[in-house]
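Examination of the molecular architecture
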Amino acid sequence: SQTIHQWPATLVQPVGSPLSLECTVEGTSNPNLYWYRQAAGRGLQLLFYSVGIGQISSEVPQNLSASRPQDRQFILSSKKLLLSDSGFYLCAWRDGRGTEAFFGQGTRLTVV
Amino acid sequence: QKEVEQDPGPLSVPEGAIVSLNCTYSNSAFQYFMWYRQYSRKGPELLMYTYSSGNKEDGRFTAQVDKSSKYISLFIRDSQPSDSATYLCAMSPYSSASKIIFGSGTRLSIRP
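Just so it is clear, the structure is predicted and the values come from calculations on it, not from any experiment. (Residues numbered from 1 in each chain as written. Chains lettered and ligands numbered in written order. Predicted model: local features only at pLDDT ≥ 70, side-chain atom pairs only at ≥ 80, totals over all residues. Heavy atoms only, no water.)

Our next topic: the interface of chain A and chain B. Each side of the interface is counted separately: chain A has 26 residues, and chain B has 22 residues. Of the roughly 1900 Å² buried between chain A and chain B, counting both surfaces, carbon and sulfur atoms make up 55%. Seen at the junction of chain A and chain B, the total is 1 salt bridge. Put simply, Lys99(B) and Glu59(A) hold a salt bridge, and the shortest N to O gap is 3.1 Å. Elements supplying a minimum of two residues to the side of chain A that touches chain B: β4 (32–38), β5 (44–52), β9 (87–94) and β10 (102–103) of chain A. Per-class residue counts for the side of chain A that touches chain B are 11 nonpolar, 9 polar and 6 charged. (Contact = heavy atoms within 4.5 Å. Buried area = accessible area lost by both parts, 1.4 Å probe. Salt bridge = Lys/Arg side-chain N within 4 Å of Asp/Glu carboxyl O. Helix = DSSP H or I, 4+ residues; strand = E, 2+ residues; numbered from the N terminus. Nonpolar A, V, L, I, M, F, W, Y, C, P; charged D, E, K, R; others polar.)

To continue, consider the sheet that holds strand β3 (residues 19–26) of chain A. All names here are of chain A. In space, the 4 strands of this open sheet follow the order β1-β3-β8-β7, with antiparallel pairing throughout. Of all strands in the sheet, those with a lone pairing partner are β1 (3–7) and β7 (64–70), marking the two edges. Strand-to-strand twist of the sheet, defined as the mean angle between neighbouring strand axes without regard to direction, takes the value 15°. Bridge analysis of β7 against strand β8 (residues 73–78) gives 5 bridges, and the strand direction is antiparallel. Paired with Ser-65 across the strands is Ser-77, a residue of β8. (Pairing = 2+ DSSP bridges. Axes fitted to C-alpha atoms, helices over the stretch in contact; angles between N-to-C directions.)

Attention now goes to the sheet that holds strand β3 (residues 19–25) of chain B. Residue and element names in this part refer to chain B. Pairing within the open sheet is antiparallel, and its 5 strands lie in the order β1-β3-β8-β7-β6. The sheet terminates laterally at β1 (4–6) and β6 (54–58), the two strands that pair on one side only. Neighbour-to-neighbour, the strand axes of the sheet open up by a mean angle of 15°, direction not taken into account. In the sheet, strand β7 (residues 61–66) pairs with strand β8 (residues 71–76) via 6 bridges, with the strands oriented antiparallel.

Okay, the state of the cysteines next. Residue and element names in this part refer to chain A. For the coordinates displayed, the defined rule picks out 2 disulfides over all chains. Here Cys-23 is linked by a disulfide to Cys-91, with a sulfur-sulfur distance of 2.0 Å. When the S-S torsion is -75°, as for the bridge of Cys-23 with Cys-91, the disulfide is left-handed. A residue pair is termed long-range when its members are at least 10 positions apart, and Cys-23 in strand β3 and Cys-91 in strand β9 qualify at 68 residues. (Disulfide = S-S within 2.5 Å.)

The structure is reproduced here in structure tokens:
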């Protein structure tokens, strides 16, 4: 069966520090991968999605970036965090048929 | 105009009631429709997935899609306190390389 791992679960970082969040999927190949951000009490905002290694589509221009160095690995990064980057970051995957998506348990990021 | 509109609630109903949750959308290319349940501080959990128009039933849950009206619904029968959560609708076009767009979520509370 397929599983998705996302870490860390919580993170507190100072303003201006770098960020690296990692997501990996097991039990499938060539998945579509997604990064979402959820502000408190709000819906999911799509940040990036990827249909293959090295292929990244950006939805929201900001100081975040994403990379997909391996088929089942998706990384969200920032060189310098802003207070406004605080939120709940969720990674998701769906298979190549384009059906339903499955989420990781999220990373709660607080920038102080 | 947002691509997907969802009433944020909160919605409070007594235990045993039938709950109706709804979303409207503007993009006629959407073909896949999903409902997720999200408990506080957790990743969204897939509840129902439907393709194109029609109904789909799974236990106490029924999903309906009316593409002519660009309107989708999730019905919960015999609601339980454990159903208290935020419910998110999501949809995407018919393409494996497409993004998934979410509604803002409806917060539901079931009173014992």
